[in-house]
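# Topology and contacts: notes
As a plain string of letters, each chain reads:
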Amino acid sequence: MVGEGLVKGLCVTLKHFIGTYIDDIRWLGRRYYRDDALQIRQSPKARGIFTVQYPEEKLPVPEAFRYIPFLIYEVAEDGTMEDRCTSCGICAKVCPPQCIWIERSNDPETGRPIPAPTNFYIDIDICMNCGLCAEFCPFDAIKMDHDYELASYKRVENHIFDKTRLSRPVDYYRSIRPSDYALEEAARAEKEAAKAARRRGGSS
Amino acid sequence: MREGLKKNTVNEIQAHFDGEILADEREGQAGFLVAPDRLLDLATVARDKLGYDYLSSLTGVDYLPEEKMEVVYHLYRSQGGPALVVKTQTPRENPRVPSLVALYPGADFQEREAWDLLGIHFEGHPNLKRILMWEGFQGHPLRKDWHEPYFEEEQKPFKSRWPEGNIIRIEDHVPHHKNVQYPEDFSAETWTPEGDAGLYAGLARVPENAGGNGRPLQTDRIVVNLGPQHPSTHGVFRMVVTLDGETIVDLQPVMGYLHRNHEKIAERNTYIMNMPFTDRLDYICSMSNNLGYALAVEKLMGIEVPERAEYIRVMMAELTRIVNHLWAIGFLLNDLGAFFTPALYAINERELILDVFEAVSGSRMMCNYLRFGGLARDLPDDVFETVKELVMERLPRKVKELDLYITSNEIVRARGIGVGVLTREQALAYSAAGPILRASGVAYDVRRAEPYSIYERFDFDVAVRYNGDVYDRYMIRIDEIWQSLKILEQVIRDIPRGEIQTGKSPYQVRVPAGDAYGRVENPKGELGFYVVSDGKPNPWRYHVRAPSFINLTALGEMCKGQKIADVVAVLGSIDIVLGETDR
């Protein structure tokens, strides 16, 4: 029958239309602006409308999410900050758009390079968020951030991040990537233990 | 078995040519070397006698140190099997090679591309002019001695970045500042693109016997530009259409508005750096783009991939196919005038799949997930559960709903059935790939024809439809989603635990000298990566056989004789992405 397909299609649209109201009623006004509701609305269990009311509602990002890199520093017990970065330059060498610039300086007395970078720049206009720097850093010193709200009015002033702007404490890293952090710490502890065992074995 | 096949072809070809054609014996290279004047003979024999009826890829390589240009052809049999690789060399100054358009019409755009980017002259090509660069452009940018604006160094990593990285904005401080070269006597005020005038003139030719009764018909032809501003929401693409009334007499696609010389960038990059760049080709299918490139480089390196990683790769590639086909169906309906309701229904589930991608790789669309010999990260268990739920429940429900919603709709049928027909012979000749080829009755699927990864383990059917019209190209996408779901069910059932990377993935891989062609059945068609290595950290040549680009070769043919309103539907049914078309 001519028109049967059309009617079937319209029924699907109608079902979607009614479905949104049914879902609203089911949540009794608690469908929006709540984290628990958002979680379900964005999962395979979701029914009704998919849209998120950004910026009032924000989707939680998964741990793997990657955006502009940052540098990690450790805070020692006496409050001094120590960079994990040793300015080995691997991140700058692996960076596909070549947006990382590292300045390493030499110790004026010995003439040897100082391990910590004198400065570290990332041009975030050029960064393509691929995460290769974080992946290949042997010291876990550079990691991908979760903060994606970086819009600004002044490109020239604000879009080259220097070392101060890039540095974040290790606690911040732990808060955004807890399971990565745990894995790395475990690996490090294991290495330390092996080293200590070797040292003990060597001295005895 | 593969060796046997290869030997067979060698014997057959050498029998035909009495030992005139030699196997390419350079280190790591494969195929036959043939002099340009015997190329047509060889191609004729290959097509008519040996059954290599499908020209997959055609590209040039600039061997600057040897002062040679090489053209590389990858021919396949439509029944499946390995490639016949033919190479021909010509002097770098004034390189001339006979055109294969008469034998393989699918060579048309590829030869134009090789002319445009490498300056190889194809003798006998009916319309040899620039295709990706603008008409007034000077030089051939893929040549090794050509330097782009803001050129810094031949190869990455650049020395200025470390250890004395005093940042500069690249546009302020480079020796070739604004080195765009213009032709002599160029003035922006007076210049009119010669190519455009030629384009219109070529289209407006009225055949002598147009009236049909012996007298010339006195009708005006109108040239209409569809685009370049998003003619149908697909991207910046232009179609120059000549109309007789409302009927299309001729159509020429004009592209290159999004050209960024992806291949040149890739030849400056190291191998691993190219992985995130492949994401940006067909940005809807970044996972399977990664797979094609990884396969090509793994072939060169000769490394294996662990079981679990193979399963995850297939899982991601098939999820990508579903994403792409949902997208294609949704936006085909947009093109038909059903504005955005079907599109949004279709891409609803895409959102959930992108969440999966984001959780495994860190990004929704620019996944950058595969590494040579494995993957960047393992698949977390909770994400696996989500995939399971999607594959077992949510996606089948969605496809059923789409089927109910669209398939029997009278308007879709009226707009689709019999429109934009591409016959089986045309589809093969024009090197159409993927759903376009299979909707025309050729059951050719790289996953079956030359299985890669672990596809030979899975039980699935190659979807095929026979009418070759817009409606069949819609239907085949629904069929393929069902087959992808079937594969995914098997992946979920069989996926083992274990390693996801062979050895440690170093930041600079060692790739032995040689060439390799890695091809995958991307959702839009066969995606191929032709990589030539000279043993250095950067690829010497990197070429992308882009399905969206080559599928457009047949667009003109599909549209001839149709009404102007159908053009958009036909374009939508090809399903192109301009990031890949223009590269």
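Residues numbered from 1 in each chain as written. Chains lettered and ligands numbered in written order. Predicted model: local features only at pLDDT ≥ 70, side-chain atom pairs only at ≥ 80, totals over all residues. Heavy atoms only, no water.

### A closer look at the overall build of chain A
- Within chain A, the regular secondary structure consists of eight helices and seven strands.
- Against the 2.2 N^0.38 benchmark of 17 Å for 204 residues, chain A shows a C-alpha radius of gyration of 25 Å, more extended than a compact globule.
- Overall, the C-alpha framework of chain A stretches about 90 × 50 × 35 Å when taken along its three principal axes.
- By the burial criterion, 39% of the 204 residues in chain A qualify as buried.
- Pairs at least 24 residues apart make up 62% of the contacts formed inside chain A by residues separated by at least 6 positions.
- About 12,100 Å² of surface is accessible on chain A, with carbon and sulfur atoms providing 58% of the total.
- Chain A carries 29 positive and 31 negative side-chain charges, and their two centres are separated by 5 Å. (Helix = DSSP H or I, 4+ residues; strand = E, 2+ residues; numbered from the N terminus. Rg over C-alpha atoms; globule rule 2.2 N^0.38 Å. Buried < 20%, exposed > 50% of the residue type's maximum accessible area, 1.4 Å probe, protein only. Contact = heavy atoms within 4.5 Å. Areas by Shrake-Rupley, 256 points an atom, 1.4 Å probe, with all protein chains shown as cover. Lys, Arg positive; Asp, Glu negative; His and termini not counted. Charge placed at Lys NZ, Arg CZ, Asp CG, Glu CD.)

### A look at the environment of A:Arg30
- Along the chain, A:Arg30 turns up in the loop between helix H1 (4-27) and helix H2 (35-41).
- Residues A:Arg30 and A:Ile102, 72 residues apart in the sequence, show an inter-C-alpha distance of 50 Å.

### Describing the confidence of the model for chain B
Residue and element names in this part refer to chain B.
- Taken over all residues, the pLDDT of chain B has a mean of 85, while the share at 70 or more is 90%.
- Considering only residues more than four positions removed or in separate chains, one finds that residues 1-5, a stretch of pLDDT under 50, has four contacts.
- Scoring the predicted complex yields pTM 0.88 and, for the interface, ipTM 0.90. (pLDDT = per-residue confidence, 0-100.)

### Regarding the packing of helix H8 (residues 307-335) of chain B against helix H10 (residues 381-407) of chain B
Residues and elements named next belong to chain B.
- Viewed as axis vectors pointing N to C, H8 and H10 meet at an angle of 25°, and their least axial separation amounts to 12 Å. Here H10 runs roughly parallel to H8, going by the angle between their axes. Both H8 and H10 take part in a crossing whose hand is left-handed. Contacts between H8 and H10 pair Met315, Leu319, Ile322, Leu326, Ile329 and Leu333 from the former with Phe384, Val387, Leu395, Lys398, Leu402 and Ile406 from the latter.
- In the contact of H8 with H10, the residues fall into eleven nonpolar, no polar and one charged. (Axes fitted to C-alpha atoms, helices over the stretch in contact; angles between N-to-C directions. Parallel < 35°, antiparallel > 145°, perpendicular 65-115°, else oblique. Left-handed = near helix turned anticlockwise from the far one by under 90°. Nonpolar A, V, L, I, M, F, W, Y, C, P; charged D, E, K, R; others polar.)

### Notes on the pattern of salt bridges
- Applying the stated rule across the entire model yields 63 salt bridges over all chains.
- Two residues, A:Asp23 and A:Arg31, come together in a salt bridge whose shortest N-O distance is 2.6 Å. Taken individually, A:Asp23 and A:Arg31 each receive the classification buried, so the pair is uniform in this respect.
- We note a salt bridge from B:Glu401 to B:Lys398, for which the minimum N-O separation is 3.4 Å. (Salt bridge = Lys/Arg side-chain N within 4 Å of Asp/Glu carboxyl O.)

### A look at the sheet that holds strand S10 (residues 247-254) of chain B
Residues and elements named next belong to chain B.
- With antiparallel pairing, three strands are arranged side by side in an open sheet as S8-S9-S10. This sheet does not close on itself; its edge strands, each paired only once, are strand S8 (222-226) and S10. Averaged over all pairs of adjacent strands, the angle between strand axes in this sheet comes to 20°, irrespective of strand direction.
- One ladder, built from five bridges, connects S8 with strand S9 (residues 238-244); its direction is antiparallel. Paired with Asn225 across the two strands is Val240, which belongs to S9.
- The strands that helix H18 (residues 564-574) touches are S8, S9 and S10; relative to S9, the one it contacts most, it runs at about 150°. (Pairing = 2+ DSSP bridges.)

### Concerning H10(B)
- In this model, H10(B) (27 residues) spans 36 Å end to end at C-alpha, consistent with the 39 Å of a helix rising 1.5 Å per residue.
- Within H10(B), the axis deviates most sharply at B:Leu390, by approximately 45°. (Expected span 1.5 Å × (residues − 1). Bend = angle between axes of the 7 residues up to and from the residue.)

### As for the interface of chain B and chain A
- At the interface, 53 residues of chain B touch 51 residues of chain A.
- A buried area of about 4,700 Å², summed over both sides, lies between chain B and chain A, and 57% of it is on carbon and sulfur atoms.
- Note that B:Arg377 and A:Asp180 form a salt bridge whose closest N and O atoms lie 3.8 Å from each other.
- Inspection of the chain B/chain A interface yields 21 residue pairs in polar contact (both at pLDDT 80 or more).
- When residues of the side of chain B that touches chain A are traced back to their parent elements, those giving at least two are helix H6 (274-279), helix H9 (341-361), H10 and helix H11 (410-416) of chain B.
- Among the elements that make up the side of chain B that touches chain A, the one with the highest residue count is H9(B) (ten residues). (Buried area = accessible area lost by both parts, 1.4 Å probe. Polar contact = N/O pair within 3.5 Å; in protein donor to acceptor, adjacent residues only side chain to side chain.)

### Regarding the sheet that holds strand S2 (residues 32-34) of chain B
Residues and elements named next belong to chain B.
- Here five strands make up an open sheet; going across it, the order is S1-S2-S5-S4-S3 and the pairing mixed. Because the sheet does not close on itself, it has two edges, and the strands there are strand S1 (22-23) and strand S3 (54-63).
- Taken together, the nine bridges between S3 and strand S4 (residues 68-76) define a ladder with antiparallel strand orientation. Residue pairing across strands places Tyr63 opposite Lys68, the latter belonging to S4.

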